[in-house]
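# Structural overview
One-letter residues, chain by chain:
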Amino acid sequence: HFAHQAKGVPRLGLTLPGLRTPRRARRHRAPAGLQSAMSKKKVRLSGIDVDPEQFAIVVQYTTETSHFDASGAIIGQEAAPGRKVIKVPRGLRPDEIPGLAQEVVEKCKYIPHSRVSEVEMRLAMLQEYEAQVAGQDPVQQQYQQQQQHLQQQ
């Protein structure tokens, strides 16, 4: 399906609704209050985290919009934070992590290709979390979470 998919890496069938391949910055119309000749949007990655409760990778980003006048001078700038939650299939095996990380990066326009290793680390964290939870009963798990919370205070 992807022309630039690594050879020998099986696709895992990850579905990421609303995600597309990365695109260059586009020109947009300015808000009604700003009479600019053009606008330019740029998305900057703020961070990649995990959410063990949802079994997902959380991508935090900022959309920066610059408004220019007819001569090309900047007449205004805006920044809006954003967040994308990418749910990951449970039951990951260690050998599936590199392929899934590559697939996440290819489908999520907010993550640059240079961050594949970081996505791999986050997927490994989710896998470890799942393995720890699977080895404990719910009462023991809740007790350990309470102990960790008390130690952090």
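Structural data are supplied above this passage.
In what follows, the accompanying structure is described. (Residues numbered from 1 in each chain as written. Predicted model: local features only at pLDDT ≥ 70, side-chain atom pairs only at ≥ 80, totals over all residues. Heavy atoms only, no water.)

### Section: the nonpolar core
Within soluble globular proteins, side chains that are nonpolar generally end up buried alongside one another. Among the nonpolar cores identified, the biggest contains 21 residues, and Ile57, Val59, Val88, Ile111, Val119 and Leu123 are the most heavily contacted of them. Of all the elements, helix 1 (residues 97–107) adds the most residues to this core, at five residues. Leave out the neighbours within four places in its chain, and Val59 touches Leu45, Gly47, Gly82, Arg83, Lys84, Ile86, Cys108, Tyr110 and Ile111. (Core = buried A, V, L, I, M, F, W, Y, C linked by side-chain atoms within 4.5 Å. Buried < 20%, exposed > 50% of the residue type's maximum accessible area, 1.4 Å probe, protein only. Helix = DSSP H or I, 4+ residues; strand = E, 2+ residues; numbered from the N terminus. Contact = heavy atoms within 4.5 Å.)

### Focus on the pairing of strand 3 (residues 56–68)
Burial within strand 3 is extensive, with ten of its 13 residues counted as buried. The turn linking strand 2 (residues 38–51) back onto strand 3 is made up of four residues, and Phe55 within it adopts a positive phi angle of 50°. By the bridge criterion, 13 bridges tie strand 3 to strand 4 (residues 74–87) in an arrangement that is antiparallel. When the bridges of strand 4 are listed, Ala56 appears paired with Lys87. The turn joining strand 3 and strand 4, which pair antiparallel and follow one another in sequence, is formed by five residues; a positive phi near 95° is taken by Gly72. (Pairing = 2+ DSSP bridges.)

### So, unusual backbone geometry
One non-glycine residue, Phe55, lies in positive phi territory at about 50°. Within the secondary structure, Phe55 sits in the loop between strand 2 and strand 3.

### As for helix 2 (residues 116–134)
Given a rise of 1.5 Å per residue, 19 residues ought to cover 27 Å, and the 27 Å separating the end C-alpha atoms of helix 2 matches this to within 8%. When we look at burial in helix 2, the residues that qualify are Val116, Glu118, Val119, Arg122, Leu123, Leu126 and Gln127. Considering only its buried residues, helix 2 is in contact with strand 2, strand 3 and helix 1. (Expected span 1.5 Å × (residues − 1).)

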